[in-house]
Amino acid sequence: MNSIKKEIADCLSRHLPIENGPIEAMLKAPPEPGMGDYALPCFPFAKDMKKSPAAIATALSREISPPKDVKTVEPAGPYVNFFLDRAALYREILSNICQEGFVRSRSKSGKGKTVIIDYSSPNIAKHLGVHHLRSAIIGRSLYRIFEACGYRCIGINHLGDWGTSFGKLIAAFERYGDISAQDASVSDMQELYVRFSREAEEKPELADLARNAFKRLENGDPHATVLWKQFKKISVAEFERIYAMLGIEFDAYMPESFYLTMAGDLLERLRTKGIATDSEDAIIARLDTDDLPPLMLQKKDGTTLYSTRDLCAAEYRWTNYRFEHCLYVVGGEQKLHFQQLRAVLSRMGYDWAGRIEHIDFGLLKFPDPKTGKANVGSTRTGEVVLLEDVLKNGIEKAKEKIKENAGKLPPQTDLEELADMIGTGAVMFSDLAVRRTKDVVFDWDRMLDFQGDTGPYVQYAHARLCSILRKSGAGVTEQADCSLLRLPEEWKLVRTLEDFSLRIDQAADKREPSIIANYLLELCKLFSSYYSLGMKEPEKRVLCDDEETRNARLFLVDAVRNVIADGLRLLGMKAPERM
Ligand code: ARG
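Residues numbered from 1 in each chain as written. Predicted model: local features only at pLDDT ≥ 70, side-chain atom pairs only at ≥ 80, totals over all residues. Heavy atoms only, no water.

From N to C terminus, the protein chain includes 21 helices and 14 strands. Once the C-alpha set of the protein chain is aligned to its principal axes, its extents read approximately 85 × 65 × 40 Å. Counting every position in the protein chain, which comprises 579 residues, the buried fraction comes to 53%. Pairs at least 24 residues apart make up 72% of the contacts formed inside the protein chain by residues separated by at least 6 positions. Of the roughly 26500 Å² that the protein chain leaves accessible, carbon and sulfur atoms contribute 49%. (Helix = DSSP H or I, 4+ residues; strand = E, 2+ residues; numbered from the N terminus. Buried < 20%, exposed > 50% of the residue type's maximum accessible area, 1.4 Å probe, protein only. Contact = heavy atoms within 4.5 Å. Areas by Shrake-Rupley, 256 points an atom, 1.4 Å probe, with all protein chains shown as cover.)

Bringing empty space enclosed by the protein into the picture now. The tally for this structure, following the rule as stated, stands at three cavities of 30 Å³ or more. Taken as a whole, the second largest cavity holds about 40 Å³ of empty space. Contributing to the lining of the second largest cavity are Arg-134, Ile-138, Asp-431, Leu-432, Val-434, Arg-436, Glu-512, Pro-513 and Ser-514. If you list the elements that add at least two residues to the lining of the second largest cavity, you get helix 7 (131-147) and helix 16 (415-432). (1 Å grid on protein atoms, 1.4 Å probe; cavity = no way out; pocket = protein on both sides within 12 Å on 5 of 7 lines; lining within 4 Å. Points joined across faces, edges and corners; volume = space filled by probe spheres on them.)

Now for the sheet that holds strand 3 (residues 79-84). Read from one edge of the open sheet, three strands run 1-3-2, paired in antiparallel fashion. The open sheet terminates on both sides in strands that have one partner only, identified here as strand 1 (38-41) and strand 2 (70-76). Within this sheet the neighbouring strands show an average axis-to-axis angle of 20°, counted without direction. Where strand 2 meets strand 3, six bridges bridge the pair, whose relative direction is antiparallel. By the bridge assignment, Val-70 is partnered in strand 3 with Leu-84. The sheet contacts of helix 1 (residues 3-13) involve strand 1, strand 2 and strand 3, and relative to strand 3 the element is tilted by about 140°. (Pairing = 2+ DSSP bridges. Axes fitted to C-alpha atoms, helices over the stretch in contact; angles between N-to-C directions.)

Moving on: the sheet that holds strand 7 (residues 276-279). Strand order in the open sheet made by the three strands is 7-8-9, with antiparallel pairing throughout. Every other strand in the sheet has two partners, leaving strand 7 and strand 9 (295-298) as the edge strands with one partner each. Neighbouring strand axes in the sheet, compared pairwise and without regard to direction, differ in orientation by 40° on average. Pairing of strand 7 with strand 8 (residues 282-285), which is carried by four bridges, proceeds in the antiparallel orientation. In the sheet register, Asp-278 faces strand 8, and the bridge partner there is Ile-283.

The next thing to look at is the layout of surface pockets. Looking at the second largest pocket, its volume works out to about 600 Å³. Lining of the second largest pocket is provided by 24 residues; of these, Lys-5, Glu-24, Glu-498, Asp-499 and Leu-502 occupy positions nearest its centre. If you list the elements that add at least two residues to the lining of the second largest pocket, you get helix 2 (20-26) and helix 19 (488-509). At 10 residues, helix 19 tops the list of elements feeding residues into the lining of the second largest pocket. Within the lining of the second largest pocket, the residues separate by chemical class into eight nonpolar, five polar and 11 charged. (Nonpolar A, V, L, I, M, F, W, Y, C, P; charged D, E, K, R; others polar.)

All residues adjacent to the ligand are Asp-118, Ser-121, Asn-123, His-132, His-158, Tyr-306, Asp-310, Tyr-328, Val-330, Gln-334 and Phe-338. A distance of 2.8 Å separates a nitrogen atom of the ligand from a polar side-chain atom of Asp-118. Here a nitrogen atom of the ligand and a side-chain polar atom of Asp-310 are 2.6 Å apart. For the ligand, the accessible surface in isolation is 350 Å², of which the surrounding protein chains cover 88%. (Near = heavy atom within 4 Å. Polar contact = N/O pair within 3.5 Å; in protein donor to acceptor, adjacent residues only side chain to side chain.)

Negative charge collects at one region of the surface, where Asp-481, Asp-545, Asp-546, Glu-547 and Glu-548 lie side by side. Positionally, Glu-548 belongs in helix 21 (residues 547-570). Note on Glu-548: relative accessible area 44%, which makes it partly exposed. (Patch = residues over 30% accessible without salt bridge, like charges linked within 9 Å, V, L, I, M, F, W, Y side chains within 5 Å. Salt bridge = Lys/Arg side-chain N within 4 Å of Asp/Glu carboxyl O. Lys, Arg positive; Asp, Glu negative; His and termini not counted. Charge placed at Lys NZ, Arg CZ, Asp CG, Glu CD.)

A few words on unusual backbone geometry. With a phi angle near 35°, Ser-121 is a residue other than glycine that sits in the positive phi range. Here Ser-121 is to be found in the loop between strand 4 (114-118) and helix 7. For Ser-121, a relative accessible area of 18% puts it in the buried group. Its identity as a non-glycine residue notwithstanding, Ala-125 has a phi of 65°, on the positive side. For Ala-125, a relative accessible area of 9% translates into the label buried.

This brings us to the nonpolar core. Ranked by size, the top nonpolar core spans 157 residues in total, and within it Leu-12, Leu-40, Phe-82 and Leu-497 carry the most contacts. If we ignore the near neighbours within four places in the chain, the residues touching Phe-82 are Ile-8, Leu-12, Leu-27, Gly-36, Asp-37, Tyr-38, Leu-40, Ile-64, Val-70, Thr-72 and Val-73. (Core = buried A, V, L, I, M, F, W, Y, C linked by side-chain atoms within 4.5 Å.)

Interhelical geometry of helix 8 (residues 165-175) versus helix 9 (residues 186-202) gives an angle of 90° and a closest axis separation of 9 Å. In terms of orientation, helix 8 lies roughly perpendicular with respect to helix 9. In contact with Ser-165, Lys-168, Leu-169, Ala-171, Ala-172, Phe-173 and Arg-175 of helix 8, helix 9 contributes Met-189, Leu-192, Tyr-193, Phe-196, Ser-197 and Glu-199. Broken down by class, the residue content of the contact of helix 8 with helix 9 amounts to eight nonpolar, two polar and three charged. (Parallel < 35°, antiparallel > 145°, perpendicular 65-115°, else oblique.)

Time to look at the side chain of His-132. Take His-132: it is sitting in helix 7. Excluding residues within four positions of it along the chain, His-132 makes contact with Ser-120 and Pro-122.

Tracing the sequence through the fold places Gln-230 in helix 11 (residues 222-246). Taking the C-alpha atoms as reference points, Gln-230 and Arg-578, 348 residues apart in sequence, are found 43 Å from one another. In contact with Gln-230, not counting residues within four places along its chain, are Ala-181 and Gln-182.

So, about the pairing of strand 8. Consecutive side chains along a regular strand alternate between the two faces of the sheet. Of the two faces of strand 8, both are covered, the one formed by Ala-282 and Ile-284 as well as the one formed by Ile-283 and Ala-285. Note that strand 8 and strand 9 share three bridges and pair antiparallel. Bridge pairing in strand 9 links Ile-284 to Met-296.

So this is what it looks like as structure tokens:
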């Protein structure tokens, strides 16, 4: 993408026992502008070339005939430093970034490859709990990140809509006929389910009713099916309301029930291959040689299980999408399930079994206001914290915050919309800024702090950049003279912008949106300290008196703004223009 860097790597590869691709990756910006613009460490070649790194650096500096934008080449201990025509380098980096669709066009590493991302995938007839938040947010962000690497992404909601619990729910609706499924809400379903379970503790015969209802559902009995479809319709409507708040979308809803017809054939093949065996009327796959407990595939009553349906789903996904990666964004508590899934798929001889990846994540915890201790996904009274309540709470709190500032906003500002962006943004960022596998502690004050390491801080930086551009009056011109960007802070900013593309690749490689979130914080802080230079020294202001310098600085400001907006988009957040 950066052609100057590529030219340097090309020319170096003629003198080194290594291809230009890896050399390009080794060329890094040195820590200080006084040390040049790219540095090549020579340690990695010492063994092959049987020379000390310093000797290699000295020889390279003398021997190579560098490309035209390189002014000087100097050895510095084990490094070769390249001093460039900075105006040319800056122009290339900044105009690349300011290009329409930069994020999508920058990398082709995923070209022709498909990645499947299975995220959120909640069970129906239950409210979305906060634990579904992490899966949805991480999954959607990974989707955008892989898309930015050129992959075809397929986002799947593997809705949990099958299992004996739905027999119980059908039986409950039939037993307590006081509410029709037409008018039921998700809360009603949860309540009826609990009521039925409680009664069943005293009356064991209710278990038979539930079992019988599930059998009827399996056999396609119209009454049971209508009820079940209704459960699903109501649940999905509620899920979609919340997904809309978060800007979460899917390419397909493929519920567990979709795979039922495939299960018989799968079990047959597993038995023929000797992978599945009968065990007291049930069917299991023994995985002793993988040091894993056996996986149950069919219960004694002949019904399939979550695992059986996931095996069918994996085969279906492979047949239809030929994925490069199949990512399951699911909490750490299902680690064993995915290990078993992979083990069975490998036994089936599928060389793609290794492409099945469990993208796990830590817990979401809430501090107890009294003790300060963090609880897992539930309040002190043990109630599950509902995702919708959390988001609404965030939006409310954002509204209060905005009101403090409302005087500065133009009267036509849609404060509701802004509160939505900031409130949900705060929640999303506090989740995504933490390394995926670590626990997240929910702390409202901290996550809405406009000065902290938060979503609103990054969004605010974006709004401030927009305001600078608005104030400048003139449009940004790419013809600006980049040689006027002489401050070391400007060098650092441009070089950090150059890194953006690399960080996107890393985020995809490690399946780690936090790399983007933390990069954005770093960039915003750099910009903020650059911007504040002008408070003491007017000639360092972005909107300084000299028109040419001002134009060059505005070009830089526009590039920073672009990267922040793109970065926020990769995290699934909105980038407000005023706040
Ligand atoms: N429905 C499951 C749950 O809520 C998650 C499903 C994840 N996806 C999958 N293909 N297993 O725990």
